[in-house]
Amino acid sequence: MLLTVRDLTKTFPGTLALDNVRLDLAAGEVHALLGENGAGKSTLIKCLTGVHARDSGHIELDGQPISPTSTHDAQELGIGTVYQEVNLLPNLTVAENLTFGRQPTRLGLVSGRRMRADAEEMLAGYGLDQVNVSRELGSYSVAVQQIVAIARAVALSGKVLILDEPTASLDARETETLFKVVRDLRERGLGIIFISHFLDQVFSLSDRLTVLRNGRHIVTEKTPETNRVELIHHMLGHELVAAEHRHAARKGGANLLSFKGVGRRGKIEPFDLDVRAGEVIGLAGLLGSGRTETADVLFGRTPADQGEATDDAGKLNLSTPRTAIAEGFGYAPEDRKTDGIVADLSVRENIALAFQARRGWANPIPQAEQKRLAEDYIRKLDIRTSSAEKAVGDLSGGNQQKVVLARWLAMNPRFLILDEPTRGIDVGAHAEILKLIGELTDQGMSILLISSEFDELIAASDRIIVVRDRHHVSQLVGEEIDTDRIINAIAARDDAERAMS
Amino acid sequence: MNARILPLYATIVIFLIAYLICYIQFPAMLSTRVVGNLLTDNAYLGIVAVGMTVVILSGGIDLSVGSVIAFSGVFVAVMLRDTDLHPLIVFALLLGITTGFGAAMGALIHGLAMPAFIVTLAGMFLARGAAYMLTIDSVPIDHAFYDVLDAYYRMPGGGRLTLIGVVMLVTVFAGMIIAHRTRFGTSVFALGGGEHTARLMGVSVGLTTVKIYAFSGFMAGLSGIVFSVYTGSGYPLATVGTELTAIATVVIGGTILTGGSGYVFGTLIGVLTMGLIQTYIVFDGSLSSWWTKIVIGLLLLLFILLQKGLLTLGQRQRSSPT
Amino acid sequence: MTPRLRRLAPQLLTLIAVIALVTAYFPSFLSVELSDGRLVGSAIDVLKRGAPVALLAVGMTLVIATRGIDLSVGAVMAICGAASAWAITSGYGLAPALAIGLGAGVLCGLWNGLLVAVFGIQPIVATLILMVGGRGIAQMITEGRILTFSHEGFAFFGAGNVLAVPTPIVIWICTGIAFGLLVRRTALGLLIESIGINRPASALAGVNARVLLIAVYVASGLCAAIAGIIVTADIRGADANNVGLWLELDAILAVVIGGTSLLGGRFSIAASLLGALIIQTIDTGILLAGFPSEFNLVIKAGLVVVILVLQSPKLSPQLSRRLKRARGTGAPRDPKEATE
């Protein structure tokens, strides 16, 4: 084996990010690494590339134990990485990027001619003949930049190449070009770790695959010996005890909202969606399939460029979050640290924020009222904080999530979007949030629930919409809702997609 | 065409058009006399702007240079008055001090992870205060060696190519080599392109930051020496606000104020453009001096909008699927 | 009341220490007497001469709280002073002259705000334009001269007295209170802090960052206008070259001494005003105590470094976090922690 990882464990304050994970990589192999957000993929990569120091475990490269202390160190050892957002400098020329740190010099001065020659040599064999190495990198497409990054990583490291979601922003043709490069490198004997959440690409490119979930190693298999359904089971599975459906298909209230042909180019294909009062719509799909993109379009964060949304009263304006809020929408985003909480503000201020923004600056919520609001939700949602005046940044993840929820509940929206509301929070809080969803819908609120946990979706949703490759592909209602059907819908491929891979 | 060279072309075109307008109105402006004066009068500015260009290319800013120039002039004048040291030794001492001063600011910026803006603000106060502490008066320099430094070559047409003008041109050339032809220069551009990425690519961020501000400090010291030759004295109240003028010339020279893109040569053109505006106002006689500031402000606006436009255009091009 | 006092404690203690030090060298520093129907004394002098920086610090606090900076305030002072003086000398009368001066400040603020909020230009870059060009505009208004006038009504704003207190003192205290009430009695303060701390999250919660950004730059322009009018009225003339020269740096320093982080977030106008007073007391104290005034700049440099060390996210994450908790100020978070 070229690279062997054994019993790798890494903890961060409060979380066990990697729990005795193992991985091995042979020379001349593409090994796919799969898992949802929080599965531990990126932590594993960061331990391999020296960004994080591991707590315990062994990493061996060519039979020698290694402990890289920086990305630079990892590069020297032979492990190169290419990230989704190209980690090269767009303001430098292609040649400068390729030769950075080892530019050929004469009398202390960089020799432009030799640098270009070196760069062209490094790029040979990557099918980038049309690229002028004297131009700045930023003037080329992301695909070209991605391949330049690979060329640099290979030239610098030459043993192990880690590709971290390299195709996320590429189109089909560019992806194919990239894959050709990767296959060539495999022929040349490199070991390649390939991270992607596009299953088609995993099946098309990889020789073996490893699935991680919640920081644990789930399975390692030869790619041809597995299938999509099994794989999705491994990735999303929980323990897949046949989860009880919360309630038989609700009678459902009156039709509340209807979206016709709403979509945004490059984010989510146009879809239709009708929302009834008091129902929970689950959105199931893999990471990057269009779950969060659907929510962003509905809430005006990345406003739709086609289609229209209506209610009884007529057309809705969903062009910005502000207007969406005015239409009675609420949105608790997936990444609560960067998009949810305002860390230095107190619990009280965070809860009051959306309500206050809606009322306008000139019409402040009186302190007493804010306090009452905060105390009210601290009690109702059981937010664990020493006081309403504590900065939200000092609370635990689950309590931060509850504060974001409280912010929206204080608005009493008619349509609430919850993107992964239970990620990274403890079991108790998890159950409380699910219970809360039930109570809210009983009061007539409609909820769009996005989750990568089937148990949760099945338990909470009245119907489930499955998204795949930026399409809303199918809908399951009432009795149809079960794990197998969801997985089959996610796994199904139609001919058009087959052509792509 | 490379988008990053566009502002440089814009700079050159603006300068040429401006010169053409001047020439049409006052044919005398196309003489070696005017060109010679343009170089001499702006020598200190050109030198300090080279240092500022490197700082800005790295995504930083150095507010201390105006004070450092004043300090340098005072230091040289006082040392020559109170000691028997040869001016060259005083110069060496001074350059050591200002380079070290710059290095210390660079170390603070990196060490404290605080904005360069506020750290060099402290440097600005400190250097000006130090100049005041040496003397609060204008100290004349009358050393025989300074007559040597005042040397010039009489060009055909009667213009004077002074030594300090030549020093400025040589400095610009050296700056071009350092910024565009050395590994250090590439690291400077890398820092300006993004500190995080630069670190991933193996740039030693701390060391490079220290070197950048040391370079700027050295240039400010050299500029101070040239300024003392130009004025023949040292005065602690001199060159107040020169850091702003230097920043403006760098931007008008086509360097992006957020770093990562630009040319040292453009800065020279920026300096000459500024000098040209002033010369024009002198020739015209009826125009008032405030037009200099307004025109510079407008040029700043023009270049900042141009760069912003190029940036958004580039992003749109790249994000749209082709 | 207690949390607010605790927030102001470091600045108050510093001010008291500085005053004690100055008084030790110059015992009559704190003595105030009534002569010719007006209060005189060194302490009154500090309060009066600190007026421009205090006024600028009010607007600058709001700008810095949004993670911005306004370098143009000194130039805006010059423009507004010149505009008012021009109006007075052209015989427009007092009220129109004030309106023109204040209006010019609002326009300048609007310009900065548009560049920052609509065009998305970095604040330090956007306000640099007016910092460089603004003084030229001011000189254009005064036609390069020091535009003198003798209008007692206008001069009152710089040299007059209200109930024996010099007018500038009354004006800056009133402006500080007015802005303090404006941001704390309405929701402006909360909304400004929220966009300064986390703009994406605030936008998702429906906060209109664009309007708020424009508003803070307008506020800064308005404060600069008031400061410009005071200075112009005091010397009975508009000096476009020197009015407000380098005061933007003192104003930024005052805000930073006041514990508002340059990285945006929690702010306190009262603390910034105390910061302005600290700077002015040191300034005056050095003069009174017979030190050469050149010490002043060196002391300011030292102050900046001390504050930088206290606010640095790298040097003392624990310390700055503890300070943040204790004072409720926005000490910057550890960047690593934020991405985790």
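Residues numbered from 1 in each chain as written. Chains lettered and ligands numbered in written order. Predicted model: local features only at pLDDT ≥ 70, side-chain atom pairs only at ≥ 80, totals over all residues. Heavy atoms only, no water.

1. With respect to the overall build of chain C
- Check the secondary structure of chain C and you find 16 helices and six strands.
- Over its C-alpha atoms chain C spans a radius of gyration of 20 Å, differing by no more than 12% from the 20 Å that the globule rule assigns to 340 residues.
- With respect to the principal axes defined by its C-alpha atoms, chain C has extents near 65 × 50 × 35 Å.
- By the burial criterion, 58% of the 340 residues in chain C qualify as buried.
- Accessible surface for chain C amounts to roughly 12900 Å². Of this, 67% is attributable to carbon and sulfur atoms.
- Charged side chains in chain C number 24 positive and 16 negative. The centres of these two groups are separated by 13 Å. (Helix = DSSP H or I, 4+ residues; strand = E, 2+ residues; numbered from the N terminus. Rg over C-alpha atoms; globule rule 2.2 N^0.38 Å. Buried < 20%, exposed > 50% of the residue type's maximum accessible area, 1.4 Å probe, protein only. Areas by Shrake-Rupley, 256 points an atom, 1.4 Å probe, with all protein chains shown as cover. Lys, Arg positive; Asp, Glu negative; His and termini not counted. Charge placed at Lys NZ, Arg CZ, Asp CG, Glu CD.)

2. Digging into the overall build of chain A
- Across its full length, chain A holds 18 helices and 22 strands.
- Taking 2.2 N^0.38 as the reference for a compact globule, 501 residues should give roughly 23 Å; the C-alpha atoms of chain A span a radius of gyration of 25 Å, in line with that estimate.
- Counting only C-alpha atoms and orienting by the principal axes, one finds that chain A spans roughly 70 × 50 × 45 Å.
- A buried classification covers 57% of the 501 residues belonging to chain A.
- Look at the contacts in chain A between residues 6 or more apart in sequence, and 67% of them connect residues 24 or more apart.
- A total of about 19800 Å² of accessible surface is found on chain A, and carbon and sulfur atoms cover 48% of it.
- Between the centroid of the 58 positive side chains of chain A and the centroid of its 71 negative side chains there is a distance of 3 Å. (Contact = heavy atoms within 4.5 Å.)

3. Describing a nonpolar patch on the surface
- Together, B:Met133, C:Leu21, C:Tyr25, C:Phe291, C:Phe295 and C:Ile299 give the surface a local cluster of nonpolar side chains, amounting to about 570 Å² of exposed area.
- Tracing the chain through its elements places C:Leu21 in helix H1 (residues 2-25). (Patch = residues over 30% accessible without salt bridge, like charges linked within 9 Å, V, L, I, M, F, W, Y side chains within 5 Å. Salt bridge = Lys/Arg side-chain N within 4 Å of Asp/Glu carboxyl O.)

4. Concerning the packing of aromatic side chains
All names here are of chain A.
- On inspection of all chains with the given rule, the structure shows 16 aromatic pairs over all chains.
- With centroids separated by 5.9 Å and ring planes inclined at 85°, the aromatic side chains of Phe 179 and Phe 194 adopt a geometry described as edge-to-face. Taken together, the positions of Phe 179 in helix H6 (residues 172-187) and Phe 194 in strand E10 (residues 191-195) put the pair 15 residues apart, joining distant regions of the chain.
- By relative accessible area, Phe 179 is classed as buried at 2%. (Phe/Tyr/Trp six-rings, centres within 6.5 Å; stacked < 30°, edge-to-face > 60°.)

5. Looking at the sheet that holds strand E18 (residues 329-332) of chain A
Residues and elements named next belong to chain A.
- Sheet architecture is open: six strands sit in the order E18-E19-E20-E15-E21-E22, paired in mixed fashion. One side of each edge strand has no neighbouring strand; the edge strands of this open sheet are E18 and strand E22 (471-477). The mean angle between the axes of side-by-side strands here comes to 20°, regardless of whether they run parallel or antiparallel. (Pairing = 2+ DSSP bridges. Axes fitted to C-alpha atoms, helices over the stretch in contact; angles between N-to-C directions.)

6. With respect to the pattern of salt bridges
- Enumeration over the complete set of coordinates arrives at 32 salt bridges over all chains.
- A salt bridge links A:Glu176 to A:Arg183; the nearest nitrogen and oxygen atoms lie 3.5 Å apart.
- Since its relative accessible area comes to 24%, A:Arg183 is described here as partly exposed.
- Between C:Arg184 and C:Glu193 there is a salt bridge, and its shortest N-O distance comes to 3.1 Å.

7. So, helix H3 (residues 51-65) of chain C
Residues and elements named next belong to chain C.
- For H3, spanning 15 residues, the distance from its first C-alpha to its last is 21 Å, which sits close to the expected 21 Å at 1.5 Å a residue.
- Considering bend angle alone, the principal kink of H3 is centred on Gly 59 and spans about 25°.
- H3 sits mainly inside the fold: 15 of its 15 residues count as buried. (Expected span 1.5 Å × (residues − 1). Bend = angle between axes of the 7 residues up to and from the residue.)

8. Some details on the environment of C:Leu191
- Positionally, C:Leu191 belongs in helix H9 (residues 188-197).
- Along the chain, C:Leu191 and C:Val207 lie 16 residues apart, while their C-alpha atoms are 6.9 Å from each other.

9. What about empty space enclosed by the protein?
- For the coordinates displayed, the defined rule picks out two cavities of 30 Å³ or more.
- The space that makes up the largest cavity amounts to roughly 220 Å³.
- A:Gln75, A:Thr81, A:Tyr83, A:Asn87 and B:Leu200 are, among the 18 residues lining the largest cavity, the residues nearest its centre.
- Its residues assigned to classes, the lining of the largest cavity comprises ten nonpolar, seven polar and one charged. (1 Å grid on protein atoms, 1.4 Å probe; cavity = no way out; pocket = protein on both sides within 12 Å on 5 of 7 lines; lining within 4 Å. Points joined across faces, edges and corners; volume = space filled by probe spheres on them. Nonpolar A, V, L, I, M, F, W, Y, C, P; charged D, E, K, R; others polar.)

10. A short note on the interface of chain C and chain A
- Across the boundary between the two partners, chain C contributes 29 residues, which contact 30 residues of chain A.
- Note on chain C versus chain A: buried area summed over both sides is about 2400 Å², and carbon and sulfur give 64% of it.
- Contact with chain A buries area across many residues of chain C, yet C:Leu190, C:Leu204 and C:Ala205 alone supply 27% of it, more than any other trio.
- At the junction of chain C and chain A, the tally comes to one salt bridge.
- For A:Glu349, the salt bridge identified is with C:Arg266, shortest N-O distance 2.7 Å.
- Summed over the shared surface of chain C and chain A, the number is five residue pairs in polar contact (both at pLDDT 80 or more).
- Counting only elements with at least two residues in the side of chain C that touches chain A, the list comes to helix H8 (167-185), H9, helix H10 (199-204) and helix H15 (317-327) of chain C.
- No other element matches H9(C), which puts six residues into the side of chain C that touches chain A.
- A breakdown of the residues in the side of chain C that touches chain A according to their chemical character gives 14 nonpolar, seven polar and eight charged. (Buried area = accessible area lost by both parts, 1.4 Å probe. Polar contact = N/O pair within 3.5 Å; in protein donor to acceptor, adjacent residues only side chain to side chain.)

11. A closer look at the domain arrangement of chain A
All names here are of chain A.
- One can read the domain layout of chain A as domain 1 (3-91 + 136-236), domain 2 (243-328 + 414-501) and domain 3 (347-412).
- Contact between domain 2 and domain 3 buries roughly 1100 Å² in total, counting both sides, with carbon and sulfur atoms accounting for 74%.
- For the pair domain 2 and domain 3, the interface holds zero salt bridges.
- Along the contact surface separating domain 2 from domain 3 lie zero residue pairs in polar contact (both at pLDDT 80 or more). (Domains from an automatic or database assignment.)

12. Focus on a positive patch on the surface
- A cluster of basic side chains, namely A:Arg106, A:Arg113, A:Arg114, A:Arg116 and B:Arg181, defines a positive patch on the protein surface.
- Within the secondary structure layout, A:Arg116 lies in helix H4 (residues 112-123).
- The class for A:Arg116 is partly exposed, based on a relative accessible area of 34%.

13. Concerning the pairing of strand E21 (residues 463-468) of chain A
Residues and elements named next belong to chain A.
- Most of E21 sits inside the fold, with six of its six residues counted as buried.
- Both faces of E21 are covered, namely the face carrying Arg 463, Ile 465 and Val 467 and the face carrying Ile 464, Val 466 and Arg 468.
- Bridge count between strand E15 (residues 280-284) and E21: four bridges; the pairing is parallel. Bridge pairing in E21 links Ala 284 to Val 466.
- Taken together, the six bridges between E21 and E22 define a ladder with antiparallel strand orientation. Across the sheet, Ile 464 pairs through a bridge with Leu 476, a residue of E22.

14. A short note on the interface of chain B and chain C
- Contacts between the two partners involve 37 residues from chain B, matched on the other side by 45 residues from chain C.
- At the boundary of chain B with chain C, the tally comes to zero salt bridges.
- For the pair chain B and chain C, the interface holds one residue pair in polar contact (both at pLDDT 80 or more).
- Broken down by secondary-structure element, the contributors of at least two residues to the side of chain B that touches chain C are helix H5 (87-112), helix H6 (116-134), helix H12 (242-252) and helix H14 (290-319) of chain B.
- No other element matches the 13 residues that H6(B) contributes to the side of chain B that touches chain C.
- Each residue belonging to the side of chain B that touches chain C can be placed in one class, and the counts come to 27 nonpolar, six polar and four charged.

15. Concerning the sheet that holds strand E13 (residues 255-264) of chain A
All names here are of chain A.
- Spatially, the four strands line up as an open sheet ordered E14-E13-E16-E17, and their pairing is antiparallel. Looking at the sheet topology across the chains shown, the edges are occupied by strand E14 (268-276) and strand E17 (314-315).
- Two elements, strand E16 (residues 306-311) and E17, share two bridges in a ladder whose sense is antiparallel. Counted as the bridge partner of Thr 310 is Lys 315 from E17.
- Against the sheet, helix H9 (residues 291-299) engages E13 and E14, with an angle of about 70° to E14.

16. Focus: the environment of A:Asp335
- By secondary structure assignment, the location of A:Asp335 is in the loop between E18 and helix H11 (336-340).
- A relative accessible area of 36% means that A:Asp335 is categorised as partly exposed.

17. Describing the confidence of the model for chain A
All names here are of chain A.
- Per-residue confidence for chain A gives a mean pLDDT of 85, with 94% of residues at or over 70.
- Across residues 239-243, confidence stays below pLDDT 50; counting only partners more than four residues off in sequence or on other chains, it has seven contacts.
- Between residues 495-501, whose pLDDT stays under 50, and residues either more than four places distant or in other chains, the model counts eleven contacts. (pLDDT = per-residue confidence, 0-100.)

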